[in-house]
Amino acid sequence: MIVRWGLEELGAVLAELGVEQPLLVTSERFAELRLPVSSRFTGVRPHSPVDAISAAITAAEGADGVVGLGGGSAIDSSKAVASATGVPLVAVPTTYSGAEWTSYFGMRDEARGVKTGGSGPGTAGIVYEPALTLDLPRTETVGTALNALAHCAEALYAGPCGDASEGARLLGRHLPEVVAAPGDRTARTGLLEGAMHAGRALAERGLFLGHAMAQALGGRYGLSHGAMNALCLPPALRFNEVAVPDALAALGVALGVDDPVARCEELAALGGFGRLRDLGVPEAELRELAVAAAARPGARANPRPVTPEDVEGLFRSIW
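So, a few notes on the structure that sits alongside this text.

Each value, and the rule that gives it
Residues numbered from 1 in each chain as written. Predicted model: local features only at pLDDT ≥ 70, side-chain atom pairs only at ≥ 80, totals over all residues. Heavy atoms only, no water. Helix = DSSP H or I, 4+ residues; strand = E, 2+ residues; numbered from the N terminus. Contact = heavy atoms within 4.5 Å. 1 Å grid on protein atoms, 1.4 Å probe; cavity = no way out; pocket = protein on both sides within 12 Å on 5 of 7 lines; lining within 4 Å. Points joined across faces, edges and corners; volume = space filled by probe spheres on them. Nonpolar A, V, L, I, M, F, W, Y, C, P; charged D, E, K, R; others polar. Core = buried A, V, L, I, M, F, W, Y, C linked by side-chain atoms within 4.5 Å. Buried < 20%, exposed > 50% of the residue type's maximum accessible area, 1.4 Å probe, protein only.

This part is about the side chain of Asp76. Summarising the element assignment, Asp76 is placed in helix 3 (residues 72-85). Those residues in contact with Asp76 that lie beyond four places of it in its chain are Ser48, Ala99, Tyr104, Phe105 and Gly106.

Taken as a whole, the second largest pocket spans an internal volume of roughly 190 Å³. Taken together, 13 residues form the lining of the second largest pocket, with Ala230, Leu231, Pro234, Glu265 and Ile318 sitting closest to its centre. Looking at the lining of the second largest pocket, the elements with two or more residues in it are helix 8 (225-240), helix 10 (260-269) and helix 13 (308-318). Sorting elements by how many residues they give to the lining of the second largest pocket places helix 8 first, with five residues. Its residues assigned to classes, the lining of the second largest pocket shows eight nonpolar, two polar and three charged.

The subject of this paragraph is the nonpolar core. Membership of the largest hydrophobic core comes to 43 residues, with the highest contact counts inside it found for Leu146, Leu149, Leu171, Leu233, Leu237 and Leu251. Secondary structure elements with two or more residues in this core: strand 8 (125-128), helix 4 (138-155), helix 5 (162-180), helix 6 (185-205), helix 8, helix 9 (245-255) and helix 10. The biggest single contributor to this core is helix 4, with nine residues. Leave out the neighbours within four places in its chain, and Leu237 touches Ala153, Tyr157, Leu248, Leu251, Val261 and Cys264. Listed in part, the 27 residues of the second largest apolar core include Ala212, Val281, Leu314 and Phe315.

Structure (structure tokens):
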């Protein structure tokens, strides 16, 4: 994996990979950004809908590489394109999702209201540019940072993990600073470094219950994955504490607190996220939603066995 800091390094990374005709996969937000690319697909949408990915794959005809620039949806979309075409991918993340470190990608089937996915060769290069995060809205900043923190917390379930601990430390330190001063490049850089460590921990250890709950909510209702992780991480940590007390203790050390779950709630509150009822999730569908979440791979791999009844109770605690 090639990892560089500074957008000016993108051309060199592409050259090192032998890419001469790269396709940019991004959203309209970055449509006019000056980059060393040959063609552009700017139709990325939240949750990477399958029809948008199909259009991006069509746009990749003739490209010998892909540059995925944006948040988790842009990176997942570009991974899907790279997987379908067999060309190398360079990721330029503009949020804190950590998607650039994994080989799998999520997609949303909007007609069925479910999250699907696939996997491919993974990312060949990553270019981090803090300047691209300076105008990230507060909700996206906090949501994707909590997604990264969830990667750290869940990685610790399997035992000590240097990237998870360092990621949690940086995220816990710099997120309040960024919320207080969104344009502070030093704080943004620290937050992005934390997300980088979290992504590496994610790639090593995988996803568990909190993410499974967030994925079920996002797939069914199209809700922000970051916001859903911010809401789902604390109850999932409380549920798992009896099975992995050392993991919670390690998370507390990284965050510099005695009660890491309460600290996660405090950090999530910086995003102003309400309860599930405030986001349009019907109480009558919580049971069905819990069944879907409990069936997801992350829930099945959870360190404490979890039933649909357990998940329903967790959903109700944040409804």
